[in-house]
There are 2 protein chains.
Amino acid sequence: MQIILLSGGSGKRLWPLSNSTRSKQFLQLLQDPDGKKESMVQRVVRQIGESALEASIIIATSASQRDFIETQLGGKVDVVTEPERRETFPAIALSVAYLASQKGCSRDEVVLVMPCDTYTEARYFDVVAKMVEFVEQDVADLVLMGVPAKHASADFGYVLPATAGEGASYMKVEHFIEKPTEKKAQELMGKGAHWNGGVFAFRMGYMMDLAARYVPTHDFAELRERYGELPKISFDYEVAEKASSVVMVPFDGKWKDLGDWKALVRELPAHAMGNVILGRDVEGSTVINELSLPVVCDGVKNVVVAAGHDGILVCGKQSSEYIKQYVDPIHMRPMFEERRWGTYRVLDDARYADGSHSLTKSITLHPGKYISYQIHHHRTEVWTFVEGEGIFVLDGEARRVKAGDTVIIPVEHYHSIKALTELTFIEVQMGNPLIEEDIERFDWDWSKVGGL
Amino acid sequence: MQIILLSGGSGKRLWPLSNSTRSKQFLQLLQDPDGKKESMVQRVVRQIGESALEASIIIATSASQRDFIETQLGGKVDVVTEPERRETFPAIALSVAYLASQKGCSRDEVVLVMPCDTYTEARYFDVVAKMVEFVEQDVADLVLMGVPAKHASADFGYVLPATAGEGASYMKVEHFIEKPTEKKAQELMGKGAHWNGGVFAFRMGYMMDLAARYVPTHDFAELRERYGELPKISFDYEVAEKASSVVMVPFDGKWKDLGDWKALVRELPAHAMGNVILGRDVEGSTVINELSLPVVCDGVKNVVVAAGHDGILVCGKQSSEYIKQYVDPIHMRPMFEERRWGTYRVLDDARYADGSHSLTKSITLHPGKYISYQIHHHRTEVWTFVEGEGIFVLDGEARRVKAGDTVIIPVEHYHSIKALTELTFIEVQMGNPLIEEDIERFDWDWSKVGGL
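Below you will find a few notes about this structure. (Residues numbered from 1 in each chain as written. Chains lettered and ligands numbered in written order. Predicted model: local features only at pLDDT ≥ 70, side-chain atom pairs only at ≥ 80, totals over all residues. Heavy atoms only, no water.)

1. Side note on the overall build of chain A
Move 1: Along its length, chain A carries 10 helices and 32 strands.
Move 2: Scaling as 2.2 N^0.38, a compact globule of 452 residues should have a C-alpha radius of gyration of about 22 Å, and chain A matches this with 25 Å.
Move 3: Judged by the C-alpha coordinates and their principal axes, chain A covers about 75 × 60 × 40 Å.
Move 4: When burial is assessed residue by residue, chain A has 57% of its 452 residues classed as buried.
Move 5: Pairs at least 24 residues apart make up 67% of the contacts formed inside chain A by residues separated by at least 6 positions.
Move 6: Computing the positive centroid from 50 side-chain charges and the negative centroid from 65, chain A places the two 3 Å apart. (Helix = DSSP H or I, 4+ residues; strand = E, 2+ residues; numbered from the N terminus. Rg over C-alpha atoms; globule rule 2.2 N^0.38 Å. Buried < 20%, exposed > 50% of the residue type's maximum accessible area, 1.4 Å probe, protein only. Contact = heavy atoms within 4.5 Å. Lys, Arg positive; Asp, Glu negative; His and termini not counted. Charge placed at Lys NZ, Arg CZ, Asp CG, Glu CD.)

2. Topic: the packing of aromatic side chains
For any pair of aromatic rings, the description consists of the separation of the ring centres together with the inter-plane angle of the planes.
Move 1: In this structure the tally under the stated criterion is 42 aromatic pairs over all chains.
Move 2: Measuring from ring centre to ring centre gives 5.6 Å for F156(A) and W255(A), while their planes differ by 45 degrees; the resulting arrangement is tilted. Of this pair, F156(A) sits in the loop between β8 (142–148) and β9 (158–161) while W255(A) sits in strand β13 (residues 255–257), placing them 99 residues apart in sequence.
Move 3: Under the relative-accessibility criterion, W255(A) is labelled buried at 15%.
Move 4: With 5.7 Å between their ring centres and 40 degrees between their planes, Y370(A) and W446(A) make a pair best called tilted. Of the two residues, Y370(A) is situated in the loop between β24 (357–365) and β25 (373–375) and W446(A) in the segment after β32 (440–442); the sequence distance between them amounts to 76 residues.
Move 5: You can call Y370(A) partly exposed: its relative accessible area is 36%.
Move 6: On the accessibility criterion, W446(A) (9% relative accessible area) is buried.
Move 7: The rings of Y370(A), Y373(A), Y414(A), F442(A), W444(A) and W446(A) are connected pair by pair, giving a single aromatic cluster.
Move 8: The ring of Y119(A) carries the charged tip of R43(A) above its face, separated from the ring centre by 3.9 Å.
Move 9: Just above the ring of Y344(B) sits the side chain of K361(B); from NZ or CZ to the centre is 4.0 Å. (Phe/Tyr/Trp six-rings, centres within 6.5 Å; stacked < 30°, edge-to-face > 60°. Lys NZ or Arg CZ within 6 Å of the ring centre and 35° of its normal.)

3. Description of helix α2 (residues 66–73) of chain A
Residue and element names in this part refer to chain A.
Move 1: Considered for burial, the residues of α2 that qualify are D67, F68, I69, Q72 and L73.
Move 2: Where α2 is buried, its residues touch α1 (40–50), β4 (56–62), β5 (78–82) and β22 (336–339).
Move 3: One or two positions beyond α2, positive phi appears at G75, with a value near 90 degrees.

4. Description of the interface of chain B and chain A
Move 1: Across the boundary between the two partners, chain B contributes 54 residues, which contact 54 residues of chain A.
Move 2: For the interface between chain B and chain A, the tally reads two salt bridges.
Move 3: Inspection of the chain B/chain A interface yields 18 residue pairs in polar contact (both at pLDDT 80 or more).
Move 4: If you tally residues by element for the side of chain B that touches chain A, the top one is strand β21 (residues 311–316) of chain B, at six residues.
Move 5: Grouping the amino acids of the side of chain B that touches chain A by side-chain chemistry returns 31 nonpolar, 16 polar and seven charged.
Move 6: The sheet contact formed by strand β18 (residues 295–298) of chain A and β21(B) spans four bridges and is parallel. (Salt bridge = Lys/Arg side-chain N within 4 Å of Asp/Glu carboxyl O. Polar contact = N/O pair within 3.5 Å; in protein donor to acceptor, adjacent residues only side chain to side chain. Nonpolar A, V, L, I, M, F, W, Y, C, P; charged D, E, K, R; others polar. Pairing = 2+ DSSP bridges.)

5. Here's the deal with the nonpolar core
Move 1: In this structure, L5(A), L112(A), M114(A), Y124(A) and M131(A) are the most contacted members of the largest nonpolar core, which totals 47 residues.
Move 2: In terms of residues, this core owes the most to one element, helix α4 (residues 123–136) of chain A, which gives eight residues.
Move 3: In this structure, M114(A) is in contact with I3(A), I4(A), L5(A), L6(A), V44(A), I48(A), Y124(A), F125(A), G198(A) and V199(A), ignoring residues within four places of it in sequence.
Move 4: The next biggest cluster of nonpolar side chains, apart from the first, holds 46 residues, and it includes I3(B), I57(B), A193(B) and W255(B). (Core = buried A, V, L, I, M, F, W, Y, C linked by side-chain atoms within 4.5 Å.)

6. As for the sheet that holds strand β26 (residues 380–387) of chain A
Backbone-to-backbone hydrogen bonds join strands into a sheet, with any given pair of strands oriented parallel or antiparallel.
Residue and element names in this part refer to chain A.
Move 1: Judged by pairing direction, the sheet is antiparallel, and its six strands sit side by side in the order β22-β23-β24-β31-β26-β29 without closing on themselves. The sheet terminates laterally at β22 and β29 (406–409), the two strands that pair on one side only. The sheet shows a mean angle of 20 degrees between the axes of neighbouring strands, taken without regard to direction.
Move 2: Strand direction decides the pairing type here: β26 and strand β31 (residues 423–431), joined by seven bridges, are antiparallel. Each bridged residue has a counterpart across the sheet, and for W383 the counterpart in β31 is E427. (Axes fitted to C-alpha atoms, helices over the stretch in contact; angles between N-to-C directions.)

Set out below in structure tokens:
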């Protein structure tokens, strides 16, 4: 069977640790059973591996998340990136086309779609296994997971089963209600409505036919090319709500969206993470520090303190669900990024009275990794190597560089760098002003360079 | 008349904004009547200027504070630096020798000594004027200021007047009690004791004779040379407590030591300073941010948040007096310094697996300013100029540099830089490891270079 994990979002609700490229599912704040740091998506992939499911995993995401996924899950999953952001129906259609044309999955194979950031327990995957079984037994075209509603939340979609028979292993779905008012939600709970868990199982062919109504192809490359022809609509609206043959399998266990600080800190392994000094008089609070500067905290109660490369949050736990409004207007470049080749940190982003602009970064490449061969039209760069060894290419000429060396890259000069060992350099970009997307990428054949 | 301002302390009680070089009196958090930022020492010097006193000011301090004083008060005060830290009696003795031998003050001239960081109001200086008058009238050898004790604090020295006559303009002092227990303080208050305000007036000759008992010279250079022979003792113990002819002049007005966050924030002009976003639900709190990163704060009550180059503090107001214990163990180089030539900020201080070490700074020199001609024995430096123009000297050869240029300074090469305009460069230091005091300074005659 195949599992499609949906990895979306660019939320700022966990600001300053989450930003436009680092969505919440990539924050390594949780802990695996060995005590190692783990992100939400790493946790879900680990849990699938530990379950009885014998599943291949493919992650449907945007191009901006590819590097994070490769860094955190490299080798464990396939990645399908949308050419543009277009909601869950097209993303699932594209993933199914990938499975059909790239992985040779048949129309009969069962596919399960689920969010990549659900915080849940092992029993959840037992329910997933049951859902797959029901598809295999042709109980319905579409099998979805329902979570018994615990309170009348206006934040969830609801599923109303036709028969709410106690102990039934599945229930026919009567209808869907998207984010009702709290009053309506209360009414629905009385009728046995469940929250829609966003987990769906079906056969490949079912989805292939639905997608072909818009773009009549099962070829991945072609569908990706014509991605804009698929409607911008969620799977819930386009498929689940219109389906005539749908059953729901209930899961009554730990199932959470760690979507704001209040929800997240409840599940964290520690109340102080990073360079943090807690005084004696700290109560019900969590302090997370990703910076090298120390954070000292004392005399506070029920607060969340989060210090990251993008900013510093000091927030009462109750208020943490409302920070989005304060954070949204902050327009700042990401100050820290993980890439497939390593990481970078912005050390300084300075504008001067004469209109010029400099950007200083610390850039680390992992052994064997390289950045693309590129030129800039508006900026010069000075790189000072401070750790390790690598091969630097300037205008087609390759040479060894090592800690202590400095290279100057004038405007319009082709350049690239490959790490031989862990390699760190301090980059100073200068321009008047610097232009964010001032980069043009070219091909470079590293094999012709060798180890020099 | 002469005023000696005592500028000591390297307190961490206002951490992270104060550190070993930036004492609390240099923090520019207050506001002058024109709405400009002002430090405590700037405020006191301004208030003296606005008072009826016609006084020259000299600041007695340590060498590490000289650059701050020149930056904040350049031209308005003389500075006398102690060759080593030795308490207030030797510091005052050295300042008096400076007044006698460098400024030609006579033995009869009245000197007033006061702390440089008292937070007070204009009327305070009227009392100071009266103190000076009483010395001129030879009412006593030593005239000091007493502040009516407002509560039984164990943190102050107390002065018990012999006659506590209501409305007297001065009172003879019976005796001194250094930091009594609270119980004893209560008892003293009943007897009309005052807090010792640390303000003393006397004639030059009085102090010159007292100092000469230890080092028989009135020559500044000689006394500075023999500074270690002066006893390490406070003026209170060595002079005030032993004096036979002492009167006290009461000052019953605003008189505060803004020594911890709780006391300081009460006097600040705003509750948010720097790049700060306050949510709707913030009460009785102050957020100060010296970093460029945004601080977002919501849902907190009675807290102080201070973010600076040395760290981040999140603290209940009541707890702020106890932070010293948590902050003292933090051993970190200062991350931001003001110098006579400009400022620097540490952007990155990194150690690598192979034992090597790099330090990246942003350094700004003001127009016309220069750093000393120097060599390093263990580190190489790469400077990339990002703003302005200057003259760079390497091994005796001077040349113009400007934004966009990069210079490499290998180990053991003599170098210096002078700014022609506001000049900023990014410096990357490398060593294995870097040694903090790896610098040797030499003379360089900038006049022979000219403007190039």
